[in-house]
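Spelled out from the first residue to the last, the chains are:
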Amino acid sequence: MASPSSTKLILLRRLSRALKLKPPSASIQRSSSSSSSLYLSSLPEASRLAHGYCLSICCRNFCSRPPHLNDESQGPVTIYNSVLLQEDEYHRLADTTIQDLLEKIEEYGDTVEIDGFDIEYGNQVLTLKLGSLGTYVLNKQTPNRQIWMSSPVSGPSRFDWDQSAQAWIYRRTKANLSEVLESELEQLCGQPIRLS
Amino acid sequence: MLGQSTRRLLGMGFLGQSRSQAIQVLPRFYHERVVDHYNNPRNVGSFDKNDPTVGTGLVGAPACGDVMKLQIKVDDKTGKIVDACFKTFGCGSAIASSSVATEWVKGKQMEEVLTIKNTEIAKHLSLPPVKLHCSMLAEDAIKAAVKNYEAKRAEAAPLEKAADA
């Protein structure tokens, strides 16, 4: 008589084969509850095929975790979350920062007399032209959760979000995005600007 | 004549000279050096990464759009880089940057190549602002290759001492 766990595995394999998905590995039982529940919810026919008995077994072992389990078993998931910024959180922070810079630099452009000053934002790329002084390009680099900047003064730099500083920091130089732009723009255009 | 004006246009950010209105109307082109490296890349290839005289630098990520593998072959006794090769997945500027990097490291001492700056590569290729990141990646690849070679030497050293004893 097959053991309950192997029955579940066989059922899951049938489900995935029916949908021509990659079959689950034996380690699914050890994977985090969130990822395994996502896997099951992404199978649209799962509810029909796995109705009743099968689904209840799957749910019991793969989707739910007894609440009394201590945090050690959740360890890897927690570490991952704190090391890598969540994507939606990253988008929110990066978009806010870039929008903010766009508005402030636009205003700044109205006050300084720079020939060929132009700032535009399209396709998530912020381009700031300062005529003969050079061009800045700021863009989001989502896979790395970074903001990339190309400056005519300091060249390329890549900023990561620092939770403790609540700012975008270039790890190599510990530079702060707003501060770098403030000092460089003042140096190039002659007038100070507040970006933080 | 067109080549001259495009070279001036692309060098805009770096040379800082005043420009006339007419030039700003022209579209951007890849600098002829970038096109040359793209069409005739120098030193494409691979060394055996297990060879103790080879240092491998692998930088970038496919998701970001650029991956560079730069390998150096070092003469143990003199610390001089005798050969270099690269393989790059990415845009024309990334290919040209890593190709230039392999050209520049050949025949130099390891300490010397660590001073190669991304700004020099970018200036040589007249890279536009948005492609400066490619030159930085090339600089990182050089540094990673040197670091890898030194790490391999450090690992091998105690074993050599044991063999001699």
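Residues numbered from 1 in each chain as written. Chains lettered and ligands numbered in written order. Predicted model: local features only at pLDDT ≥ 70, side-chain atom pairs only at ≥ 80, totals over all residues. Heavy atoms only, no water.

Put simply, the rule is: UniProt positions are given in the numbering used here, feature names are shortened, and annotations may be inferred rather than shown by experiment.
The name given to chain B in an unreviewed UniProt entry is Iron-sulfur cluster assembly protein, and the organism recorded there is Ilex paraguariensis. The annotation that UniProt attaches to chain B under Sequence similarities (unreviewed entry) is "Belongs to the NifU family." Quoted straight from UniProt, the Cofactor (unreviewed entry) entry for chain B says "[2Fe-2S] cluster".

Per an unreviewed UniProt entry, chain A goes by the name ferroxidase and belongs to Ilex paraguariensis. Under the UniProt heading Catalytic activity (unreviewed entry), the entry covering chain A gives this text: "4 Fe(2+) + O2 + 4 H(+) = 4 Fe(3+) + 2 H2O". The UniProt entry for chain A carries the following comment under Sequence similarities (unreviewed entry): "Belongs to the frataxin family."

### Quick word on the pattern of salt bridges
All names here are of chain B. Test applied: The rule for a salt bridge is simple: a side-chain nitrogen of Lys or Arg has to be within 4 Å of a carboxyl oxygen of Asp or Glu. Helix and strand assignments come from DSSP, with helices taken as H or I runs of at least 4 residues and strands as E runs of at least 2, each series counted from the N terminus. Note on classification: 1.4 Å probe, protein chains only; a residue is buried when its accessible area is under 20% of the maximum for its type, exposed when over 50%, partly exposed between these limits.
For the structure shown, the criterion picks out 10 salt bridges over all chains. K117 is the salt-bridge partner of E139, the closest N and O atoms lying 3.6 Å from each other. Highlighted residues: E139 in helix 8 (residues 132–164) and K117 in the loop between helix 6 (110–113) and helix 7 (118–125), separated in sequence by 22 residues. Judged by relative accessible area, which is 6%, E139 ranks as buried. Overall, K117 belongs to the partly exposed group, its relative accessible area being 38%. Where salt bridges share partners, they join D36, R42 and E103 into one cluster.

### Observations regarding the side chain of S97(B)
To be explicit about the condition: We call two residues in contact when some of their heavy atoms are within 4.5 Å.
Within the secondary structure, S97(B) is located in helix 5 (residues 92–105). With residues near it in sequence (within four places) discarded, S97(B) still touches I121(B), L125(B), L127(B), C134(B), S135(B) and A138(B).

### Re the sheet that holds strand 1 (residues 117–122) of chain A
All names here are of chain A. Let me state the cut-off plainly: Being paired, for any two strands, means DSSP has found at least two bridges between them.
What the 7 strands build is an open sheet, ordered 1-2-3-4-5-6-7; its pairing is antiparallel. The sheet is open, and its two edges are formed by strand 1 and strand 7 (175–176), each paired on a single side. Bridging between strand 3 (residues 135–141) and strand 4 (residues 146–151) involves 5 bridges; their strand directions are antiparallel. The residue bridging K140 from the neighbouring strand is I147, located in strand 4.

### Some points on the nonpolar core
As a rule of thumb, soluble globular proteins bury nonpolar side chains together. We count it as follows: Side-chain atoms within 4.5 Å link the members of a nonpolar core, which is a set of buried Ala, Val, Leu, Ile, Met, Phe, Trp, Tyr and Cys residues.
Within the largest apolar cluster, 32 residues are counted, with the highest numbers of intra-cluster contacts made by W168(A), L177(A) and L185(A). When contributions to this core are tallied by element, the ones reaching two or more residues are helix 6 (87–111), strand 2 (125–130), strand 3, strand 4, strand 5 (155–162), strand 6 (167–170) and helix 7 (177–189) of chain A. If you tally residues by element for this core, the top one is helix 6 of chain A, at 8 residues. Counting residues in each nonpolar core, the second largest holds 30 residues, with I81(B), V100(B), L132(B) and C134(B) among its members.

### Let's talk about the interface of chain A and chain B
Spelled out, the test is: In short, buried area is how much 1.4 Å probe accessible area vanishes from two parts on joining, totalled over both.
At the interface, 19 residues of chain A touch 15 residues of chain B. Both sides together, the interface formed by chain A and chain B hides about 1400 Å², and carbon and sulfur atoms give 61% of it. The largest share of the area that chain A buries against chain B comes from S132(A), P156(A) and R158(A), three residues that together contribute 36% of it. Put simply, chain A and chain B have 1 salt bridge between them. In this structure, R172(A) and D140(B) form a salt bridge, with 2.9 Å as the shortest nitrogen-oxygen distance. Elements with a minimum of two residues in the side of chain A that touches chain B: strand 3, strand 4 and strand 5 of chain A.

### Examining the environment of G109(A)
All names here are of chain A. By the secondary structure assignment, G109 is in helix 6. When its relative accessible area of 13% is taken as the criterion, G109 is described as buried. The spatial distance from the C-alpha of G109 to the C-alpha of I119 is 8.4 Å, given a sequence separation of 10 residues.

### Focus: unusual backbone geometry
Positive phi is not limited to glycine here, since N123(A) has a value of about 50°. Within the secondary structure, N123(A) is located in the loop between strand 1 and strand 2. Although it is not a glycine, N43(B) adopts a positive phi angle of roughly 65°. Inspection of the secondary structure assignment puts N43(B) in the loop between helix 4 (32–39) and strand 1 (54–61).

### Some thoughts on the confidence of the model for chain A
Residue and element names in this part refer to chain A. To be explicit about the condition: Here pLDDT means the predictor's own confidence in every residue, given as a number from 0 to 100.
Put simply, chain A has an average pLDDT of 72, and 57% of its residues get 70 or more. Under a pLDDT of 50 for its full length, residues 21–47 has, in the predicted model, 41 contacts with residues more than four places off or in other chains. Low pLDDT (under 50) marks residues 49–82, which in the prediction has 30 contacts with non-local residues, meaning those over four places away or in another chain.

### A few points about the environment of N123(A)
Residue classification places N123(A) among the exposed positions, given a relative accessible area of 77%. Put simply, N123(A) and N139(A) are 16 residues apart on the chain and 9.1 Å apart in space, counted from C-alpha to C-alpha.

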